[in-house]
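Below are the chains, spelled out letter by letter.
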Amino acid sequence: GSPASHVAIWDGVEYQPLGNGVDGEVTCAIEVDGNILLGGSFQGGFQDLATWDGDSWSYEGVFASKSAYISALHVHDGALYAAGSLTGFAGVDDAVQRRSTGGWAIVGSIFNGPVHALASHDGKLVAAGAFTGPDGAIDPVHDRVVVLEGSDIDLDLICNTKWHQYDGGRFPGTLSVSITKDPDT
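First things first, this report covers the structure right here in the doc. (Residues numbered from 1 in each chain as written. Predicted model: local features only at pLDDT ≥ 70, side-chain atom pairs only at ≥ 80, totals over all residues. Heavy atoms only, no water.)

Moving on, we get to the pattern of salt bridges. What the rule picks out here adds up to one salt bridge. Taking the shortest distance from any N to any O, the salt bridge between glutamate 60 and arginine 99 comes out at 2.8 Å. In this pair, glutamate 60 is assigned in strand β6 (residues 57-60) and arginine 99 in strand β9 (residues 91-100), connecting sequence segments 39 residues apart. Take glutamate 60: its relative accessible area is 27%, and that puts it in the partly exposed class. The class of arginine 99 is partly exposed, set by a relative accessible area of 32%. (Salt bridge = Lys/Arg side-chain N within 4 Å of Asp/Glu carboxyl O. Helix = DSSP H or I, 4+ residues; strand = E, 2+ residues; numbered from the N terminus. Buried < 20%, exposed > 50% of the residue type's maximum accessible area, 1.4 Å probe, protein only.)

The structure is reproduced here in structure tokens:
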């Protein structure tokens, strides 16, 4: 293959560079409406979403802050969602945002730890990561996976803490999420 700057596309034989590539760290990728979207931290941390339209790259700040960062991208019910963090003088805020006509809006509450993965299950958006509840929670409220419903967090968790031989166990920081059937049902 040819040299590539953080992104390449498979042509059926080998990987080829996608334009001039991107300037920064790529953490996730998704195709939306024929465009390739990359999440991460770009252009010195000022942008966190890179979009390839087939000809060139453009950038935007979803979690616009001192150090914008997207950790996961997911399409749910036709809307694009991004998990990531905003960094300011008071610290880091971890959240999920939804793209709408007017820009981006936070879904639910700020979390007390990073959200690493997004998925859909039973028509609801699922967030998974190294959080245990909303920001400021003293006791764990969520066991690192929550269902986001509308603009609120549904406290009815879709996972339990019961161990199954092949499920991977409980980790302090979920880095991806797969929805499967409970082996006991």
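Picking up where we left off.
This part covers the environment of leucine 86. In this fold, leucine 86 is placed in strand β8 (residues 79-88). Using a relative accessible area of 22% as the deciding quantity, one classes leucine 86 as partly exposed. Leucine 86 has contacts with Phe63, Ala64, Ser65, Gly91, Val92 and Asp93, leaving out every residue within four places of it along the chain. (Contact = heavy atoms within 4.5 Å.)

The next thing to look at is the pairing of β6. Examined bridge by bridge, strand β5 (residues 47-52) and β6 share four bridges and lie antiparallel to one another. Opposite alanine 50, over in β6, you have tyrosine 59 as the bridge partner. (Pairing = 2+ DSSP bridges.)

Within strand β12 (residues 124-129), five of the six residues are buried, which leaves the element mostly enclosed by the surrounding structure. As defined by bridge partners, strand β11 (residues 115-121) adjoins β12 across six bridges and the pair is classed as antiparallel. Bridging across to β12, alanine 117 finds its partner in alanine 128.

Read across the open sheet, the four strands follow the order β3-β4-β5-β6; overall the sheet is antiparallel. Of all the strands in the sheet, the pair left with one neighbour each is β3 (24-32) and β6. Adjacent strand axes in the sheet meet at a mean angle of 25° when their direction is disregarded. (Axes fitted to C-alpha atoms, helices over the stretch in contact; angles between N-to-C directions.)

On to the side chain of serine 71. When you line up the elements, serine 71 lands in strand β7 (residues 69-76). Relative accessible area serves as the criterion here: at 14%, serine 71 is assigned to the buried category. A distance of 2.5 Å separates a polar side-chain atom of serine 71 from the backbone oxygen of valine 115. Beyond its immediate chain neighbours, meaning those up to four positions away, serine 71 contacts Thr27, Cys28, Ala83, Gly84, Val115 and His116. (Polar contact = N/O pair within 3.5 Å; in protein donor to acceptor, adjacent residues only side chain to side chain.)

This next bit is on unusual backbone geometry. Despite not being glycine, glutamine 43 shows a phi value in the positive range, around 50°. Phi is positive for aspartate 122, which is not a glycine, with a value near 50°. Here aspartate 122 is to be found in the loop between β11 and β12. When its relative accessible area of 70% is taken as the criterion, aspartate 122 is described as exposed.

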